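# Descriptive analysis of the structure
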Amino acid sequence: MIPELANSMSQRRKRIGAVSYLNTKPLVSGLDMVNDRYELVFDLPSRLADRLASGELDVALIPSVEATLNPDYRIVSDACIGCRGPVWSVKLLSKVPPEQIRTLALDEGSRTSRALSRVILANKFHCQPALSNLSMEAEWRNSPTDAVLIIGDRAMNLDRGDFEHEWDLGEVWNKWTGLPFVFAMWVAREADQLDFLAELLSGARDHGLQQLDKLAAENHAAYGLSEQQCEDYLKNRLHFWLGADEKRALCLFFEYASGLSIVPQNTELEFHDCQTA
Ligand SMILES: C=C(O[C@@H]1C=C(C(=O)O)C=C[C@H]1O)C(=O)O
């Protein structure tokens, strides 16, 4: 590439996409919305993945399963959205016992938990239901399907309606494999400014984790949660570090997902050289 062009591209303000749910507040609370070096936009995880793929975003907090789909993607930070047991905001709800699920509607906002639902149902319950999309606008309690997957803010304090069975997929995965789970990671499209992004995003996470009490106090009412519930979610349910156990979990998850042709076989993720990743 012509040096001046490469230079002007790397000087261009980075477009950073972050998840629009409560779970992402600790990862972005210290970032500006816009400054000389970057601008921050919010969207559903599935849409962030599409916007990163189309080049509209330079780096985004995308569903982990999407990181396997482009060999040029780089995982740029050791900050992530994960869990080490029940996560509270990823729920599979069903009107029938798991082995009898024939139809499943999957939350439009998700990509990873969609895959996780299928992996768990196929491998633990030998069941591969017909799949449909559950749009954000849909009133999921009216879904005619046997089961629904719901993630994010609307999954937390819910009234199950006719769906008498409920599984927290973070908990199911952890009990099944003994491993943590990684729902979303910061992924960049291009190799320029990875050090800057790594420092920015991991630093923002470190700052956010010092502010959890404040974030819970400021946000709980808007999400229909008590302050204590909000604190518990941010402090004890979610886990924001991508470490060695998380990497092992990703490998195992992708192995299962490739068995269902959800991701390519033998996926190798590219981790930018950051502290714990
Ligand atoms: C824990 C969660 O993690 C999310 C789940 C995702 C997915 O299923 O694709 C993607 C991003 C995360 O925000 C949640 O949203 O509740």
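Keep in mind that what you see is a predicted model, and the values were worked out from it rather than measured. (Residues numbered from 1 in each chain as written. Predicted model: local features only at pLDDT ≥ 70, side-chain atom pairs only at ≥ 80, totals over all residues.)

As a further point, take the overall build of the protein chain. The helix and strand tally for the protein chain stands at nine helices and eleven strands. For a compact globule of 277 residues, the expected C-alpha radius of gyration is about 19 Å, and the protein chain comes in at 19 Å, within 12% of that figure. Referenced to the eigenvectors of the C-alpha coordinate spread, the extents of the protein chain come out at roughly 60 × 45 × 35 Å. Taken over 277 residues, the protein chain has a buried fraction of 44%. (Helix = DSSP H or I, 4+ residues; strand = E, 2+ residues; numbered from the N terminus. Rg over C-alpha atoms; globule rule 2.2 N^0.38 Å. Buried ≥ 20, exposed ≤ 12 C-beta atoms within 10 Å, placed from the backbone.)

Let us now look at the confidence of the model for the protein chain. On average, residues of the protein chain score 94 in pLDDT, and 94% of them reach the 70 mark or higher. At the level of chain-chain contacts, confidence expressed as ipTM amounts to 0.98, with global pTM at 0.94. (pLDDT = per-residue confidence, 0-100.)

Between helix H4 (residues 112-125) and helix H9 (residues 244-259), the least distance of the axes is 10 Å, while the angle of their chain directions is 70°. The orientation of H4 relative to H9 falls into the category roughly perpendicular. Between H4 and H9, the contacting residues are Ala 115, Val 119 and Asn 123 on the first element and Phe 253, Tyr 256 and Ala 257 on the second. (Axes fitted to C-alpha atoms, helices over the stretch in contact; angles between N-to-C directions. Parallel < 35°, antiparallel > 145°, perpendicular 65-115°, else oblique. Contact = placed C-beta atoms within 7 Å.)

Next up on the list: the sheet that holds strand S9 (residues 165-168). Taken in spatial order, the five strands make up an open sheet running S7-S6-S8-S5-S9, and their pairing is mixed. Looking at which strands have only one partner, the edges of the open sheet turn out to be strand S7 (130-134) and S9. Sheet twist, expressed as the mean angle between neighbouring strand axes with direction ignored, is 20°. By the bridge criterion, five bridges tie strand S6 (residues 103-107) to S7 in an arrangement that is parallel. Bridge pairing in S7 places Leu 104 opposite Leu 131. Helix-sheet contacts for helix H5 (residues 169-177) involve strand S5 (90-94) and S9, and the interaxial angle to S9 is about 65°. (Pairing = 2+ DSSP bridges.)

Here we take up H9. Between its terminal C-alpha atoms H9 stretches 23 Å, which fits the 22 Å expected from 16 residues at 1.5 Å a residue. Among the residues of H9, those classed as buried are Glu 246, Ala 249, Leu 250, Phe 253, Phe 254 and Ala 257. Buried residues of H9, seen end-on, are gathered within an arc of 130° and therefore sit on one face of the element. Packing partners of the buried residues in H9 comprise strand S4 (74-83), H4, H5 and strand S10 (181-188). Looking one or two residues beyond H9, the residue adopting positive phi is Ser 261, at roughly 60°. (Expected span 1.5 Å × (residues − 1). Arc of directions from axis to C-beta.)

What follows deals with the pairing of strand S3 (residues 59-63). The buried count for S3 comes to five of five residues, which makes it a mostly enclosed element. Here strand S1 (residues 14-19) runs beside S3; their pairing, made up of two bridges, is parallel. From the neighbouring strand, Gly 17 faces S3, where its bridge partner is Ala 60. Bridge analysis of S3 against S10 gives five bridges, and the strand direction is antiparallel. Across the sheet, residue Pro 63 finds its bridge partner in S10, namely Ala 184.

On to the domain arrangement of the protein chain, then. Assigned domains of the protein chain: these are domain 1 (3-82 + 181-244) and domain 2 (90-177). For domain 1 versus domain 2, the distance between C-alpha centres works out to 25 Å. In this complex, domain 1 contributes 16 residues to the contact, which on the side of domain 2 involves 14 residues. Those elements that place two or more of their residues in the side of domain 1 that touches domain 2 are helix H3 (45-53) and S10. Classifying every residue of the side of domain 1 that touches domain 2 by side-chain character gives twelve nonpolar, three polar and one charged. (Domains from an automatic or database assignment. Nonpolar A, V, L, I, M, F, W, Y, C, P; charged D, E, K, R; others polar.)

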